[in-house]
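# Reading the structure
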Protein chains: 2
Amino acid sequence: MASNQTPSMASRGVTSTVMGTLSAPPGTRRPTLRDVAARAGVSFKTVSRVVNGEPGVSPGVTARVREAADALGYRPNAAATALRRADGRTGTLGVLLDDVGNPFFAALLRGIEEVARSHGIAVFASSTDLNFGCERDMTRAYVARQVDALITAPAEGDFAHLAQAASEGTRIVLVDRPATRLDVDVVLTDNRAGSRRGVEHLITHGHLRIGYIGRDPSIYTARERFAGYVEALNAAGIPLDMTLVRREGATRSSAADHVEALLSLAEPPTALFTGQDLITMTAAATLQRKGLQYDVALVGFDDFELADLLQPGVTVIAQDPHAIGRLAAERALGRESTAATNVVPTRLIERGSGEIPHPSR
Amino acid sequence: MASNQTPSMASRGVTSTVMGTLSAPPGTRRPTLRDVAARAGVSFKTVSRVVNGEPGVSPGVTARVREAADALGYRPNAAATALRRADGRTGTLGVLLDDVGNPFFAALLRGIEEVARSHGIAVFASSTDLNFGCERDMTRAYVARQVDALITAPAEGDFAHLAQAASEGTRIVLVDRPATRLDVDVVLTDNRAGSRRGVEHLITHGHLRIGYIGRDPSIYTARERFAGYVEALNAAGIPLDMTLVRREGATRSSAADHVEALLSLAEPPTALFTGQDLITMTAAATLQRKGLQYDVALVGFDDFELADLLQPGVTVIAQDPHAIGRLAAERALGRESTAATNVVPTRLIERGSGEIPHPSR
DNA sequence: AACCCCTACGACAACGTTGTCAAGGTCTCA
DNA sequence: TGAGACCTTGACAACGTTGTCGTAGGGGTT
């Protein structure tokens, strides 16, 4: 695995001192087309042709140029290329997500990056922390860097900066949530259908009183997931009981409080549907602490590491952030001329907690 | 454990709804210095001065230029700037990690990105999947893009591409593991000390036979962590018993096998030290499955989400990837002229599994 | 009034590349 | 043998910016 490659570049001065000062550029200018041309004895334009694989260079000259370029370690200057290219493409992609450290967005970024890499595209990544000013500034920074496309999970409300970027020719793809009045590609999880499927799963196991704990309705995905909950109840003819619904907060402590409150009702729910991973984890832990983990059914939206190690395993509606990322990158780098909304399906993963039957059964 | 995966909407697949035509660039060239100059009635050089805050422009002209720039929505072209600048800085940073989707590296990237953002630096991120060819190609791609610095978790063995990049003036910072014969900044977790601390913690609770399950010694961090285990035993005068040591594989199944094998020994260990999060999770689950989670002590290297929700909670030696990222970015963007090795300490987090005493006590 | 200096601005080259066009050579075919 | 076509190569402009230098004009000092 560790390749035994002898660095044959000592002659070129690429040796590294073992300890001491940081290798400051010792006058080692990066070689340019002209340097290669001088060494090969041709004009720099001919080198350009060889490097870009343009036709019309004789085999002999091509070989000589190749050799010179290799010897000097020539790499084209991306800035100059981007500046001069007729189509203005830079071979870069900007990605702007809530938090690249969050598992969901990290997996999404990973998906984007895979596709980009296979296209030879470099990916700028940045987090917004849902701060609108930050989102706008980073969008502009990426536009200034002439990214070929921008993939972003937009904040609610103001999409003017995206509209402007789009009007200046930057291709835009939205992920995780849509934007109103913006005719661009969107890649979304099917939140509503997934949520509905999860609640139907609980109904199938006999539950009629199903508690809902989700995030604030100001969040798009939270609205969709709650809508799926309502749809499932309606379809089964179960009346919506708002005393079973909690839609605020997403911290661990608030979620735990919601679970406690629901279970303390005079007529408590026999099952819970939770609208986000953090809430699901907390709900599972709270049920365990109360010794009810085998009595109250639980299905959560979002899969999470270790969901299968808890006892019982936690049944979830899993999103596929990796697929969302791949799809978004394909749309961003593709040549389609019409904007589309791409919906990525969810997957129900049964692990035990969601298959606990209604107690009367 | 085997999750029952029911595709919830097999019939749906990925649906796309066409919405309309993509906003193609309607001849909207991005405005340049010249456009702003024409509108303000000055030379383009004067606009350049205003935009860059250079002195020597009268207040009246400055105001007129500012107005024109705002009206046109002028953004400087980053490629042209990078091309022309004397210092050759592009305001970009390349990051090359094993997998940006992995929680450890995602947090590390997040730390880098925070610091970079505060400096107005854009971050290229890419995964290598520990593929050397991929690492070398991406390094070259970033060098071609003239990144000001490159932060990377290098593969073992061949560092010629990094040496070359450094010699051409790209600042290099290594994270998570060092490189031999390369005089550059390094930011590392104190693997050895952390591991030693964890094993000492078990020894403090009376354990003498402590099993070790870690990754292959070809991996730097695995070697260091094992060295810490050995150090702790030596310091306590406990002889090293290689029958208690398993150092291969990192998949869930192989880790489970190792736990089973250790516990089946004639004289089984009373405690386990695991050298990686995946192994720790699997060990915890395996102990639970055997009903031994309250009998065999467990300390793992690497914290993981939900370690506190298992019963008992899993005691870990936590790394701080976020801090590693921040420190690496500070070194990469800083002005220090001498290379240094920066060690980030670990933290012991007691949650229960590591505080199970030796049975005879 | 002659001198100088300072301020505010502009003209122009240069960065490293790609696009355009023309020059010179070879080949084909009449 | 000449004309035309093609192939190979080079000269040069241009991309949008920053760095260098020049210059016009105002104000101060002798």
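Please read these numbers as outputs of a predicted model, since none were measured by experiment.

Definitions and cut-offs
- Residues numbered from 1 in each chain as written.
- Chains lettered and ligands numbered in written order.
- Predicted model: local features only at pLDDT ≥ 70, side-chain atom pairs only at ≥ 80, totals over all residues.
- Heavy atoms only, no water.
- Axes fitted to C-alpha atoms, helices over the stretch in contact; angles between N-to-C directions.
- Helix = DSSP H or I, 4+ residues; strand = E, 2+ residues; numbered from the N terminus.
- Parallel < 35°, antiparallel > 145°, perpendicular 65-115°, else oblique.
- Left-handed = near helix turned anticlockwise from the far one by under 90°.
- Contact = heavy atoms within 4.5 Å.
- pLDDT = per-residue confidence, 0-100.
- Near = heavy atom within 4 Å.
- Polar contact = N/O pair within 3.5 Å; in protein donor to acceptor, adjacent residues only side chain to side chain.
- Nonpolar A, V, L, I, M, F, W, Y, C, P; charged D, E, K, R; others polar.
- 1 Å grid on protein atoms, 1.4 Å probe; cavity = no way out; pocket = protein on both sides within 12 Å on 5 of 7 lines; lining within 4 Å.
- Points joined across faces, edges and corners; volume = space filled by probe spheres on them.
- Buried < 20%, exposed > 50% of the residue type's maximum accessible area, 1.4 Å probe, protein only.
- Pairing = 2+ DSSP bridges.
- Salt bridge = Lys/Arg side-chain N within 4 Å of Asp/Glu carboxyl O.

### A closer look at the packing of helix H5 (residues 103-118) of chain B against helix H12 (residues 321-333) of chain B
Residue and element names in this part refer to chain B.
- Contact geometry for H5 and H12: axes closest at 7 Å, N-to-C directions at 40 degrees. Overall, the two elements H5 and H12 adopt an arrangement that is oblique. When you trace H5 past H12, the crossing you get is right-handed. For the pair formed by H5 and H12, the contact residues are Phe 104, Ala 107, Leu 108, Arg 110, Gly 111, Ile 112, Glu 114, Val 115 and Ala 116 on the first element and Pro 321, His 322, Ile 324, Gly 325, Arg 326, Ala 329, Glu 330 and Leu 333 on the second.

### Overview of the confidence of the model for chain A
- Averaged over every residue, the pLDDT of chain A is 88; the share at 70 or more is 92%.
- This stretch, residues 1-27 of chain A, has a pLDDT under 50; its non-local contacts, to residues over four places away or in other chains, come to 36 contacts.

### Here we look at the protein's contact with DNA strand C
- Within the structure, DNA strand C sits among 27 residues, and Tyr74(A), Thr46(B), Arg49(B), Ser58(B) and Arg84(B) are positioned closest to it.
- Close to the protein, within 4 Å, the atoms of DNA strand C are drawn from sugar and phosphate at a rate of 55%.
- Within the side chain of Ser48(A), one N or O atom sits 2.8 Å away from a phosphate oxygen of DNA strand C.
- Measuring from a phosphate oxygen of DNA strand C, one finds a side-chain N or O atom of Ser43(B) at 2.8 Å.
- When the residues that make up the surface near DNA strand C are grouped by side-chain class, the tally is twelve nonpolar, nine polar and six charged.

### Thoughts on the protein's contact with DNA strand D
- Around DNA strand D, the surrounding shell holds 27 residues, and the nearest of these are Thr46(A), Arg49(A), Arg84(A), Leu33(B) and Tyr74(B).
- Counting only the atoms of DNA strand D within 4 Å of the protein, the fraction contributed by sugar and phosphate is 53%.
- In this structure, a phosphate oxygen belonging to DNA strand D sits 2.7 Å away from a main-chain N or O atom of Ser58(A).
- The separation between a phosphate oxygen of DNA strand D and a polar main-chain atom of Asn77(B) is 3.2 Å.
- At the level of elements, helix H2 (44-51) and helix H4 (78-84) of chain A together with helix H1 (33-40), helix H2 (44-51) and helix H4 (78-84) of chain B are the ones that each hand at least two residues to the surface near DNA strand D.
- Of the residues that constitute the surface near DNA strand D, the class distribution is twelve nonpolar, nine polar and six charged.

### So, empty space enclosed by the protein
- With the rule as written, the count across this model stands at eight cavities of 30 Å³ or more.
- The volume enclosed by the largest cavity comes to roughly 240 Å³.
- What lines the largest cavity is a set of 14 residues, among which Ala79(A), Arg145(A), Ala79(B), Phe124(B) and Arg145(B) lie closest to the centre.
- Contributions of two or more residues to the lining of the largest cavity are made by H4 of chain A together with H4 of chain B.
- Looking at the lining of the largest cavity residue by residue, the class counts come to eight nonpolar, four polar and two charged.

### Digging into the pairing of strand E5 (residues 185-189) of chain A
Residue and element names in this part refer to chain A.
- The buried count for E5 comes to five of five residues, which makes it a mostly enclosed element.
- A two-sided burial pattern is seen for E5, the buried positions comprising Asp 185, Val 187 and Thr 189 on one face and Val 186 and Leu 188 on the other.
- Looking at chain direction, strand E4 (residues 171-175) and E5 are connected through three bridges and run parallel. When the sheet's bridge partners are listed, Leu 174 is paired in E5 with Val 186.

### Some points on the pattern of salt bridges
- On inspection of all chains with the given rule, the structure shows 49 salt bridges over all chains.
- As a salt-bridge pair, Arg30(A) and Glu168(B) come within 3.0 Å of each other at their nearest N and O atoms. Taken as a pair, Arg30(A) in the segment before helix H1 (33-40) and Glu168(B) in the loop between helix H7 (160-167) and strand E6 (171-175) lie in two separate chains rather than in one. Residue Arg30(A) shares its accessibility class with Glu168(B), and that shared class is buried.
- A salt bridge links Lys290(B) to Glu260(B), with the shortest nitrogen-to-oxygen separation between them at 2.8 Å. Taken together, the residues span a long stretch of sequence, with Lys290(B) in the loop between helix H11 (277-289) and strand E11 (297-301) and Glu260(B) in helix H10 (residues 252-263) at a distance of 30 residues.

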